[in-house]
Amino acid sequence: MSTLQLFYGALITPVSLTAYRALPHALLAVSRDTGDIAWLEDDVPAGALQDALARHGVLAEEVDIVELKLGEFLMPGFVDTHIHAPQVPNIGSGQQYELLDWLEHVTFPMESRFSDPDFARRAYTSVIKRTIDYGSTTCCYYGTLHLEGTKVLADVIHKYGQRAFVGKCNMDRNSPSYYIEPSASASLEATRELIAHIRSLPPPLPSISPSSPSSPQRAEPLVRPILTPRFAISCSHELLAGLGAIAAADPTLHIQTHISENESEIAFTKELFPPESLPEPPVPLPTRNGKGEGKGKGTYAGVYDAFGLLRENTVLAHAVHLEEEEVEIIKARGAGISHCPTSNFNLRSGCARIGMLLDRGIKVSLGTDVSGGFSPSILAAVQHASMCSKVVAMEAHAAGRAPPPSTRFTDRQLPVATLLYLATQGGADVCAMGARTGALVPGRAFDALVVSVRSEAGNPATWGVDMDLELGVRDGGKPEEVELESFLERFLFCGDDRNVRRVYVQGRFIGGKEFGV
């Protein structure tokens, strides 16, 4: 059998925040040895398929080719940069609360149940299958504060082949008596043990060394640890200092937390961390107009920065109410934002000014934030991100504020190209994995979806492309690229898990409606 898996048909992949490629007749090859994209031909008409294969030394009868129908296309998998795995059983609950009351009455009682590893395994098995089938090829997962339960989460993800970052929540104060860690030292020790456990998981498949094809080498891990101070409120100074020390000792270790989600949360954070209680950041901020030292100490972002927790592989969820100093700190540190519009609408937190952040050069991605967000699908986040940007634009217009000159996104509606980028390549960038995943280009991991907007997908919200043919309303004069762009828009705004036919991670077929059929 050939060492390649081929896909022939329509392909969509992001290029930048303002552009993507729509290729109606692409031919893409995936290496079975590595799971990476080996090569891509942009335009191969049906009559030229054999010639294209021959150019690469491939015989059609010796290779497996997935041929896509009209209304089907290949695209990068979604990257969900903020999801609470133990909250999935609570989806749709507690809609009447804002953040802090919602945590108290809905979230913490459910999360406390994950102290039982058997309960955790049964729940997480369902959770991971759902996120995969919705098309999330990479997720940044929050577990609970329980070490064993979070080990189980990592094990389940590893079993099903999803790419993920998994963290145990650090919580040694301002949490209920039944759901709190006994001390900062206990929290840190459990964190170290979880990191060791996740890093001991075997790679999912072997790769072949170019210098020695007969010698299998260890593949890159799909499941990685991530430091997870739940939010500043739940962490003592001692705990944040200890996490900062762990981070400083390992620059490859990712970090995730919440920031500036809710106004009450922000006020409480500033009360707990007055400027005089904070150390100077381990790495001084760049000076600007004579300012640098002490900058941001009275802000939420300044708390994390003081303990060395803001850097290029830090994922900050929400960022709804950032102050100007915080924007500057986040930009200077290279940290990224997980925009969670579904949750921010649902918990009445507000609308993040994502366009402004993009114009400032800050990395932005999308998160479902289950169960503050009521859907495990990045498609819902795409739809609500679009609505959020429209709300921001309308509020700016109502206030008589025109979009600033020399900006592209500030106080404007986010276009489809930007939404696609945030859901895919933007997520990879925020996870500091932009060179490995997020787009369908040679050399990247084949983390991809086969999407269908045909009637047979069974989603009544998407008008099937085949119905256009049946009713004679398909515009035959429309360029195929333009028609393919309309397929993408239908999927992003009307699609759900039924439209996700196949899910691939590192070249392995792991989910979607056709999995196991």
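Look a little higher up for the structure.
Cut-off values and rules
- Residues numbered from 1 in each chain as written.
- Predicted model: local features only at pLDDT ≥ 70, side-chain atom pairs only at ≥ 80, totals over all residues.
- Heavy atoms only, no water.
- Patch = residues over 30% accessible without salt bridge, like charges linked within 9 Å, V, L, I, M, F, W, Y side chains within 5 Å.
- Areas by Shrake-Rupley, 256 points an atom, 1.4 Å probe, with all protein chains shown as cover.
- Salt bridge = Lys/Arg side-chain N within 4 Å of Asp/Glu carboxyl O.
- Helix = DSSP H or I, 4+ residues; strand = E, 2+ residues; numbered from the N terminus.
- Buried < 20%, exposed > 50% of the residue type's maximum accessible area, 1.4 Å probe, protein only.
- Lys, Arg positive; Asp, Glu negative; His and termini not counted.
- Polar contact = N/O pair within 3.5 Å; in protein donor to acceptor, adjacent residues only side chain to side chain.
- Contact = heavy atoms within 4.5 Å.
- 1 Å grid on protein atoms, 1.4 Å probe; cavity = no way out; pocket = protein on both sides within 12 Å on 5 of 7 lines; lining within 4 Å.
- Points joined across faces, edges and corners; volume = space filled by probe spheres on them.
- Core = buried A, V, L, I, M, F, W, Y, C linked by side-chain atoms within 4.5 Å.
- Pairing = 2+ DSSP bridges.
- Right-handed = clockwise from strand over helix to strand, strands pointing away.

**Q** So, a nonpolar patch on the surface: which residues are in play, and what are the values?
**A** Taken together, the side chains of Trp463, Leu471 and Val473 present a nonpolar region at the surface, about 320 Å² in accessible area. Summarising the element assignment, valine 473 is placed in the loop between helix H15 (465-471) and helix H16 (480-494).

**Q** Give me the lowdown on the side chain of glutamate 261, citing residues and values where you can.
**A** Secondary-structure assignment places glutamate 261 in the loop between strand E13 (254-259) and helix H7 (263-272). Although buried, glutamate 261 forms no salt bridge, and the nearest oppositely charged side chain, arginine 230, lies 8.7 Å from it. Only 3.3 Å separates the side chain of glutamate 261 from the side chain of histidine 318, close enough to count as a polar contact. Not counting the four nearest positions on each side in its chain, glutamate 261 is found in contact with Leu99, His318, Val320, His321, Ser343, Asn344, Leu347, Ser349 and Asp369.

**Q** So what about empty space enclosed by the protein? Which residues, and what values?
**A** Evaluated as defined, the whole model comprises 4 cavities of 30 Å³ or more. Lining the largest cavity are His84, Gln87, Leu99, Trp102, Leu103, Arg230, Phe231, His258, Glu261 and Asp369. Top element by residues in the lining of the largest cavity is helix H2 (residues 99-112). It accounts for 3 residues. In this model, the second largest cavity occupies a volume close to 70 Å³. In terms of lining, the second largest cavity is formed by 13 residues, of which the most central are Ala352, Ile354, Gly355, Ser389 and Val392. The set of elements that each furnish at least two residues to the lining of the second largest cavity consists of helix H11 (354-359) and helix H12 (378-398).

**Q** Could you give an account of the nonpolar core, with specific residues and numbers?
**A** If you look at the biggest cluster of nonpolar residues, it comprises 119 residues, and the most contacted ones within it are Phe73, Tyr141, Ile259, Tyr304, Leu357 and Phe491. Once residues within four sequence positions are removed from consideration, leucine 357 is found in contact with Leu322, Val327, Ile337, Ile362 and Val364. By size, the runner-up hydrophobic cluster in this structure holds 16 residues, among which are Leu28, Leu74, Leu440 and Tyr504.

**Q** For the pairing of E13, give the residues involved together with the corresponding values.
**A** Here E13 lies mainly inside the structure; 6 of its 6 residues are buried. Residues His254, Gln256 and His258 point to one face of E13 and Ile255, Thr257 and Ile259 to the other, with burial holding for every one of them. With 2 bridges joining them, strand E12 (residues 223-229) and E13 adopt parallel strand pairing. Looking at E13, one finds that leucine 227 is bridged to isoleucine 255. As a crossover connection, the stretch from E12 through helix H6 (residues 237-249) into E13 is right-handed. Strand direction decides the pairing type here: E13 and strand E14 (residues 314-318), joined by 5 bridges, are parallel. Looking across to E14, one finds that threonine 257 is bridged to leucine 316.

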